[in-house]
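Listed below, chain by chain, are the residues.
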Amino acid sequence: MTHSSANNNPTGSGNNQTNNNQFDWRAEFPVNDECMYLNHAAVAPWPESARKAVANFAAENVAMGASHYPEWMQVEKSLKRNLEQLIDAPKGSVALVKNTSEALSFVAYGLDWQAGDVVVISDQEFPSNRIVWESLQNQGVKVVEVALPYSDPEAELLTAIAQKPKLVSISAVQYASGLRLDINRIGQACRDNGVLFCIDAIQAVGAQAFSVQENLCDFAMADGHKWMLGPEGLGFFYVRPEIMDQLQVREFGWHMVEEMGNYNVREWQLASDARRFECGSPNLLASYALEASTGLLLKAGLPQVEYAISERVQYLKQGLTELEANFVNPLLDERPSGILTFHFWGADSQKLYQALMKTGVICANRGGGVRFSPHFHTTQDALDDALEAVEEMLEFCRD
C-alpha cells in the first residue's frame, strides 16, 4: 500500500506554522510511542502537562492539605478563561459541570414547558441528547427526530424550525458518522423563528474553531475528556447571558450564591453569572488537568489544531481507500471533522474492531463500522502502523 505522507508537524504546515512549532509536542503525548491511539472521539489520553499538573496538586495536598486553597481557586478561574476562549464566549457565561448530560439536564429541567411544546433533535444523536428530552414526554412535551440527508444535512431541520418548536438540540458533529453540521445556518434559522438553540459540542470543541457568538446558540455544553484532552467528570455549560434568567436553577448550595464564601448571610441571591449552575464544591483535581490541557490547545492554536486533524483524517481516508473501504460520511471532504467511520463489504466490522484493538490500534465500533479519530498530535508512525494493521487484519474478518 502506498500513499502520500501526512505532515508530521502537529500544529500544521506551510502558512499554518507558528512559533509554537519549536515546542516539543511529541514529548507531551507519549501515548504515540505506546499504541496507535485513534479514539479521541471517545476518551482521549492526557498530555504530559496535565499529568504533571495533577501530580503536583496531589503532592501539595498530601504535604500541605488545603493550605493553598485560594491558589487552587485561581486555577479554576484560569480554566474558565481557557474555556471561554475555546468557544468565544463572553466572560461569566460558562459554568463548570460534571458532564454533558448534566448540562443537558439543566436545560431540560430549567425551562418552563407547556403541554404541546416541541423539541427537535436529529435521528443520529448520542443517547444523552435524546433521552433527556424524551424524559419530558410525561409533561406533554413532544420530541421530533428529523433525518440529516447527506444531500443537504440541514434541510429537514430548517423545515422543522419553521414550524416554531420551543427548542432545537443538535450535535455540532455527529458521534457515529462524523457528519459536521452547519450550526451557524441552524442558529440563524432558530434566532429568526424565536426558537431556542442548544448545541451538544462534545465532538467539536478542542477539534475545531467554535464560536457561540457566531452560531447564535443559547446553550452549549461539552465534556472535557474527548477533544479537549482532559479527564472524565468535568466539562462546561454555556448559557447566553441574555436568556440566563429564563433558566430555572434546580440545584442549590453554597457555591451558586452571589456572596459565595459568606457563610453567615441569611438572605441569599443567585450568582449573577453562570456560576449559579455550580451548586457545590468544585472538582479541583480535574480542574488542574483540564486547565493544563485546554491551555495546551490554546498554545497550539485552534486553526492549526483543526488543520492538523483534517490532514490526519484525510491521510487515513486515502490509505483506507486504497484498501477499498467504504465510508459512512460522504461529506467528510467538504465538511471535515475528526471522525472517520468505515467498513468493508464482506467483512465483519465488529471482528475487525476487536482485531485492531488487540494489535494496539485504539479505536471504536460505531455507526456500522470502525471509527478512527486522530488528534493534532497523532504521529505519522501511528497513522502508518494503523493502516498496516487494517490491511493485515482485514483478511481474517472476511465472511
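Before any of the text, the structure's been laid out above.
So, here is what we can say about the structure in this document.

Conventions we followed
- Residues numbered from 1 in each chain as written.
- Predicted model: local features only at pLDDT ≥ 70, side-chain atom pairs only at ≥ 80, totals over all residues.
- Heavy atoms only, no water.
- Helix = DSSP H or I, 4+ residues; strand = E, 2+ residues; numbered from the N terminus.
- Rg over C-alpha atoms; globule rule 2.2 N^0.38 Å.
- Buried < 20%, exposed > 50% of the residue type's maximum accessible area, 1.4 Å probe, protein only.
- Contact = heavy atoms within 4.5 Å.
- Areas by Shrake-Rupley, 256 points an atom, 1.4 Å probe, with all protein chains shown as cover.
- Lys, Arg positive; Asp, Glu negative; His and termini not counted.
- Charge placed at Lys NZ, Arg CZ, Asp CG, Glu CD.
- Core = buried A, V, L, I, M, F, W, Y, C linked by side-chain atoms within 4.5 Å.
- Disulfide = S-S within 2.5 Å.
- Salt bridge = Lys/Arg side-chain N within 4 Å of Asp/Glu carboxyl O.
- Pairing = 2+ DSSP bridges.
- Right-handed = clockwise from strand over helix to strand, strands pointing away.
- Axes fitted to C-alpha atoms, helices over the stretch in contact; angles between N-to-C directions.
- Parallel < 35°, antiparallel > 145°, perpendicular 65-115°, else oblique.
- Left-handed = near helix turned anticlockwise from the far one by under 90°.
- Nonpolar A, V, L, I, M, F, W, Y, C, P; charged D, E, K, R; others polar.

### Thoughts on the overall build of the protein chain
In terms of helices and strands, the protein chain carries 12 helices and 13 strands. For the protein chain, whose C-alpha radius of gyration is 22 Å, the value lies close to the compact-globule estimate of 21 Å for 399 residues. Looking at the 399 residues of the protein chain, the share that counts as buried comes to 57%. Pairs at least 24 apart in sequence give 71% of the contacts found in the protein chain among residues at least 6 apart. Carbon and sulfur atoms provide 48% of the accessible area of the protein chain, an area that totals close to 16800 Å². Side-chain charges in the protein chain split into 30 positive and 51 negative, and the spacing between the mean points of these groups amounts to 4 Å.

### Observations concerning the nonpolar core
Residues Ile 87, Phe 210, Phe 236, Phe 344, Leu 356, Phe 372 and Phe 376 are the most contacted members of the largest nonpolar core, which totals 91 residues. Among all residues touching Phe 210, those that are not within four sequence positions of it are Leu 86, Ile 87, Asp 88, Ala 172, Ile 183, Ile 199, Ala 201, Ala 204, Val 205, Asn 215 and Ala 220. In terms of nonpolar packing, the next biggest core, distinct from the first, is built from 31 residues, Val 107, Leu 196, Val 239 and Met 256 among them.

### A closer look at the state of the cysteines
Using the criterion set out here, one finds 0 disulfides in the structure. We note that Cys 35 lacks a disulfide partner, and the nearest cysteine sulfur, in Cys 363, lies 11 Å from it. For Cys 217, which is in no disulfide, the shortest distance to another cysteine sulfur is to Cys 198 and amounts to 8.0 Å. Cys 217 gets classed as buried once you look at its relative accessible area, which sits at 0%.

### Quick look at the pattern of salt bridges
Overall, the coordinates contain 13 salt bridges when judged by the stated rule. A salt bridge links Lys 80 to Glu 278, with the shortest nitrogen-to-oxygen separation between them at 3.0 Å. Of the two residues, Lys 80 sits in helix α4 (residues 69–87) while Glu 278 sits in the loop between β8 (235–239) and α9 (284–300), which places them 198 residues apart along the sequence. A salt bridge links Arg 240 to Asp 218, with the shortest nitrogen-to-oxygen separation between them at 2.8 Å. You can see Arg 240 sitting in the loop between β8 and α9 and its partner Asp 218 sitting in the loop between β6 (196–200) and β7 (219–223), a full 22 residues away along the chain. Arg 240 gets classed as buried once you look at its relative accessible area, which sits at 18%. Given the relative accessible area of 2%, Asp 218 is considered buried.

### Remarks on the pairing of strand β5 (residues 167–171)
Of all 5 residues in β5, 5 are buried, a share of seventy percent or more. Residues Leu 167, Ser 169 and Ser 171 line one face of β5 and the alternating positions Val 168 and Ile 170 line the opposite face, and both faces are buried. Of the pairings in the sheet, the one linking strand β3 (residues 118–122) to β5 comprises 2 bridges and is parallel in character. By the bridge assignment, Val 119 is partnered in β5 with Leu 167. Bridge analysis of β5 against β6 gives 5 bridges, and the strand direction is parallel. Looking across to β6, one finds that Val 168 is bridged to Phe 197. For the segment spanning β5, helix α8 (residues 183–192) and β6, crossover handedness is right-handed.

### What to know about the sheet that holds β8
Paired through backbone hydrogen bonds, the strands of a sheet run either parallel or antiparallel to each other. Taken in spatial order, the 7 strands line up as β2-β8-β7-β6-β5-β3-β4 in an open sheet, and their pairing is mixed. Here the strands that pair on one side only, and so sit at the sheet edges, are β2 (94–97) and β4 (142–146). The sheet shows a mean angle of 20° between the axes of neighbouring strands, direction not considered. Where β6 meets β7, 3 bridges bridge the pair, whose relative direction is parallel. Pairing of Cys 198 across the sheet is with Phe 219, part of β7. Those strands touched by α4 are β2 and β8, and its axis lies near 115° from that of β2.

### Let's talk about the packing of α4 against α9
The geometry of α4 relative to α9 is characterised by a closest axis approach of 9 Å and an angle of 40° between their N-to-C directions. With respect to their mutual orientation, α4 and α9 come out oblique. Considering how the two elements wind past one another, α4 and α9 form a crossing that is left-handed. For the pair α4 and α9, contact is made by Tyr 69, Glu 71, Trp 72, Met 73, Val 75, Glu 76, Ser 78, Leu 79, Asn 82, Leu 83, Gln 85 and Leu 86 and by Leu 284, Ser 287, Tyr 288, Leu 290, Glu 291, Thr 294, Gly 295 and Leu 298, respectively. Of the residues belonging to the contact of α4 with α9, the class tally is 11 nonpolar, 6 polar and 3 charged.

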